[in-house]
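Descriptive analysis of the structure
Single-letter residue listing:
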Amino acid sequence: MRDYVIVTDSCCDFSAQMAGELELQIVPLSFTIEGGEYHNFPDNREMDPGVFYNKLRAGSLGTTSAVSVGFFQASMTPVVEAGKDILCICFSSALSTTYQSAVIAAQDLMEAHPECTIRVVDSRAASLGQGLLVYLAAMEKRKGRSLEEVRAFVEERKDHICHWFTVDDLNHLKRGGRVSAAAALLGTMLQMKPVLHVDGEGRLIPVSKVRGRKASVNALLEKMAELAEDPSVVFISHGDCEAEAVALGEAVKARFPVEKLVINYVGPVIGNHSGPGTLALFFQGKHK
């Protein structure tokens, strides 16, 4: 059986340490803010996430772009030339063209290197939801599973990766077209906090609105109580509100038999649209 490498993009929101421990190759997405273009590396070498979120709080508006075909080819080529195959797990195709770029890069490389196999999977996930799926794939690889076995596992599991989150400021979602200007204004006045999730197609869907931050965080916990199938591994991401993320993690551990809890920032590519104060909970559920 040929060796293979798991490749993903930086919307998985893994730290450099975790990416290294899992032996992943991460392709950085890019973002532009205040006239400068930056790449979202796991080690945050080009911009610290705290700096990024402070820029958003100060009123700066960022833009994002998907990974180009060339970026994927540049990341995949050394792996292929080393005689290894690739399983590439990408950011949701409903939210970005990243998956399509990876597919084109894979096709081109397999034509040039017919001995290699590259499989590209649309995670239909985002942030540490994508990260959770990649983590589970890496655990299967450690068990000695083949590329095709892990690919099949990922295709099945992706329908069970639950994404539930809330945001602190509706105006960021308004800019992304997720809520109307009128709803954002009224919601801000009434301290309404939306609860959203990523559906089975990988789309961002507002589900409900509750009054106040505490109620919105409690709503995430209640969704986990309703849907959790395997609460042993839980990931939490945050938009520069680490204390709240840690508190949510403690609340999750108090209610569920959690064996592994991972907390990290929502990266700038997604955080540009969700804004500071985003709090997201990811777990394996009966369905998305």
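Given the structure is predicted, the values throughout are model-derived calculations rather than measurements. (Residues numbered from 1 in each chain as written. Predicted model: local features only at pLDDT ≥ 70, side-chain atom pairs only at ≥ 80, totals over all residues. Heavy atoms only, no water.)

Quick word on the overall build of the protein
Along the backbone of the protein there are 11 helices and 13 strands. Whereas a compact globule of 288 residues would reach a radius of gyration of roughly 19 Å, the protein reaches 19 Å, a difference of no more than 12%. Taking all 288 residues of the protein together, 54% fall into the buried category. Across the protein, the fraction of contacts at a sequence separation of at least 24, relative to all contacts at a separation of at least 6, is 75%. (Helix = DSSP H or I, 4+ residues; strand = E, 2+ residues; numbered from the N terminus. Rg over C-alpha atoms; globule rule 2.2 N^0.38 Å. Buried < 20%, exposed > 50% of the residue type's maximum accessible area, 1.4 Å probe, protein only. Contact = heavy atoms within 4.5 Å.)

Points about the nonpolar core
In terms of nonpolar packing, the biggest core is built from 34 residues, with Ile-6, Phe-14, Ile-89, Tyr-135 and Phe-235 touching the most fellow members. Sorting elements by how many residues they give to this core places helix 5 (residues 127-142) first, with 8 residues. With near-sequence residues (within four places) excluded, Ile-6 lies in contact with Glu-23, Leu-24, Gln-25, Leu-87, Ile-89, Val-134, Ala-137, Ala-138 and Lys-141. Judged by nonpolar contacts, the second largest core, of 31 residues, contains Phe-52, Tyr-53, Leu-56 and Val-67. (Core = buried A, V, L, I, M, F, W, Y, C linked by side-chain atoms within 4.5 Å.)

A closer look at the environment of Gly-70
You can see Gly-70 is positioned in helix 3 (residues 69-81). Residue Gly-70 is classed as partly exposed on the basis of its relative accessible area of 40%. Sequence separation between Gly-70 and Val-252 is 182 residues; the distance between their C-alpha atoms is 41 Å.

A word on the sheet that holds strand 3 (residues 30-33)
What the 3 strands build is an open sheet, ordered 4-3-5; its pairing is antiparallel. Edge positions in the open sheet fall to strand 4 (36-39) and strand 5 (62-65), since each of these has one partner strand only. For this sheet, the mean angle separating the axes of adjacent strands, direction not counted, is 25 degrees. Across 4 bridges, the pairing between strand 3 and strand 5 is antiparallel. In the strand pairing of strand 5, Ser-30 is matched with Ser-65. (Pairing = 2+ DSSP bridges. Axes fitted to C-alpha atoms, helices over the stretch in contact; angles between N-to-C directions.)

A look at helix 10 (residues 242-255)
Along its 14 residues, helix 10 runs 20 Å from first to last C-alpha, staying within 8% of the 20 Å computed at 1.5 Å per residue. Among all positions of helix 10, only Ala-245, Leu-248, Gly-249 and Val-252 are buried. One side of helix 10 holds all its buried residues, which, seen down the axis, span an arc of 105 degrees. Residues of helix 10 that are exposed and point more than 90 degrees away from the buried face comprise Ala-243 and Ala-254. Lining the buried residues of helix 10 we find helix 9 (213-227), strand 11 (228-238), strand 12 (260-265) and strand 13 (279-285). (Expected span 1.5 Å × (residues − 1). Arc of directions from axis to C-beta.)

Quick word on helix 9
What sets the pattern is the α-helix's 3.6 residues per turn: residues three or four places apart point alike. An ideal rise of 1.5 Å per residue puts 21 Å on 15 residues; helix 9 measures up with 22 Å between its terminal C-alpha atoms. Buried within helix 9 are the following residues: Arg-213, Ser-216, Val-217, Ala-219, Leu-220, Leu-221, Met-224 and Leu-227.

Some details on the pairing of strand 8 (residues 161-166)
Across the 6 residues of strand 8, 6 count as buried, placing the element largely inside the fold. Where strand 8 meets strand 13, 6 bridges bridge the pair, whose relative direction is antiparallel. Looking at the pairing, Cys-162 lines up with Phe-283 of strand 13.

As for the environment of Leu-95
By secondary structure assignment, the location of Leu-95 is in the loop between strand 6 (85-90) and helix 4 (98-112). Distance from Leu-95 to Ser-208, taken between C-alpha atoms, is 20 Å for residues 113 residues apart in sequence.

Details of the side chain of Thr-8
Its location among the elements puts Thr-8 in strand 1 (residues 4-9). At 2.6 Å, the side chain of Thr-8 and the backbone oxygen of Ile-89 are in polar contact. Contact partners of Thr-8, with chain neighbours within four places excluded, come to Gln-25, Ile-26, Val-27, Ile-89, Gln-130 and Val-134. (Polar contact = N/O pair within 3.5 Å; in protein donor to acceptor, adjacent residues only side chain to side chain.)

Some thoughts on the packing of aromatic side chains
Enumeration according to the criterion identifies 6 aromatic pairs in this entry. Plain terms: the ring middles of Phe-14 and Phe-235 are 6.3 Å apart, the flat faces sit at 70 degrees to each other, and that makes the pair edge-to-face. Linking Phe-14 in the loop between strand 1 and helix 1 (16-21) with Phe-235 in strand 11, this pair joins segments that are 221 residues apart in sequence. Here Phe-14 matches Phe-235 in class, with each residue buried. By way of ring pairs, the aromatic residues Phe-31, Tyr-38, Phe-52, Tyr-53 and Tyr-265 are connected into one cluster. The ring of Phe-41 carries the charged tip of Arg-45 above its face, separated from the ring centre by 3.8 Å. (Phe/Tyr/Trp six-rings, centres within 6.5 Å; stacked < 30°, edge-to-face > 60°. Lys NZ or Arg CZ within 6 Å of the ring centre and 35° of its normal.)

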